[in-house]
Amino acid sequence: MKETIERIRKFKDERDWAQFHTPENLAKAINIESGELLEHFLWDNNYNKKEVCDELADVLVYCVHMADSLNVDIEEIINKKMDKNEKKYPVEKARGSSKKYTEL
Ligand SMILES: [Mg+2]
């Protein structure tokens, strides 16, 4: 994962694109790419997995850029959130349920 993140950073740095990577711009980019991902499931469920993975990768790449623009460690923030999720959704209450934590 570290090598992949470095590759993403190198791509940005070689093109001098950090100047465009404000948190606001990146939040918009994540949302736009999420829309492109969602578009593959519009009207039916006959999606092309390769095309879906391309859009998923776009979302993930922008997430890496967003973490960089906020100067936070992506693994650290994911793990902090997972700590919260594990408390909100304890296995004994949440297993097999799609209910929101407030309804468990
Ligand atoms: Mg895209």
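Check the entry above for the structure.
Residues numbered from 1 in each chain as written. Predicted model: local features only at pLDDT ≥ 70, side-chain atom pairs only at ≥ 80, totals over all residues. Heavy atoms only, no water.

1. Topic: the coordination of the magnesium ion
Argument step 1. Looking at the metal site, the magnesium ion is ligated by Glu33 (OE), Glu36 (OE), Glu55 (OE) and Asp58 (OD), spaced 2.1 to 2.2 Å from it.
Argument step 2. Taken in sequence order, the residues that donate to the magnesium ion follow the motif E-x2-E-x18-E-x2-D. Separated by 19 residues along the polypeptide, Glu36 in helix H2 (residues 23-39) and Glu55 in helix H3 (residues 49-69) bring together distant segments of the chain. (Donors = N, O, S within 2.8 Å, 3.2 Å for Na, K, Ca; no water. Helix = DSSP H or I, 4+ residues; strand = E, 2+ residues; numbered from the N terminus.)

2. Re unusual backbone geometry
Argument step 1. The phi dihedral of Asp16 is positive, around 55°, even though this residue is not glycine.
Argument step 2. By the element assignment, Asp16 lies in the loop between helix H1 (2-14) and H2.
Argument step 3. By relative accessible area, Asp16 is classed as partly exposed at 49%.
Argument step 4. Its identity as a non-glycine residue notwithstanding, Trp43 has a phi of 80°, on the positive side. (Buried < 20%, exposed > 50% of the residue type's maximum accessible area, 1.4 Å probe, protein only.)

3. Considering the packing of aromatic side chains
Argument step 1. Under the criterion given, the structure shown has 3 aromatic pairs.
Argument step 2. Arg15 extends its terminal NZ or CZ atom over the ring of Phe11, reaching a point 3.7 Å from the ring centre.
Argument step 3. Lying across the ring of Tyr101, Lys88 places its NZ or CZ 4.5 Å from the centre. (Phe/Tyr/Trp six-rings, centres within 6.5 Å; stacked < 30°, edge-to-face > 60°. Lys NZ or Arg CZ within 6 Å of the ring centre and 35° of its normal.)

4. Examining the nonpolar core
Argument step 1. Ile5, Ile8, Val64, Ala67 and Ile74 together form the largest nonpolar core, which totals 5 residues.
Argument step 2. Secondary-structure elements contributing two or more residues to this core are H1 and H3.
Argument step 3. Non-local contacts of Ile8, meaning those with residues more than four positions away in its chain, are made with Val61, Val64 and His65. (Core = buried A, V, L, I, M, F, W, Y, C linked by side-chain atoms within 4.5 Å. Contact = heavy atoms within 4.5 Å.)

5. Brief notes about the packing of H1 against H3
Argument step 1. Contact pair H1 / H3: the axes reach a minimum separation of 10 Å and the direction vectors enclose 80°. With respect to H3, the element H1 is oriented roughly perpendicular. Of the residues in H3, those touching H1 at Ile5, Ile8, Arg9 and Lys12 are Val61, Val64, His65 and Asp68.
Argument step 2. Looking at side-chain class alone, the contact of H1 with H3 contains 4 nonpolar, 1 polar and 3 charged residues. (Axes fitted to C-alpha atoms, helices over the stretch in contact; angles between N-to-C directions. Parallel < 35°, antiparallel > 145°, perpendicular 65-115°, else oblique. Nonpolar A, V, L, I, M, F, W, Y, C, P; charged D, E, K, R; others polar.)

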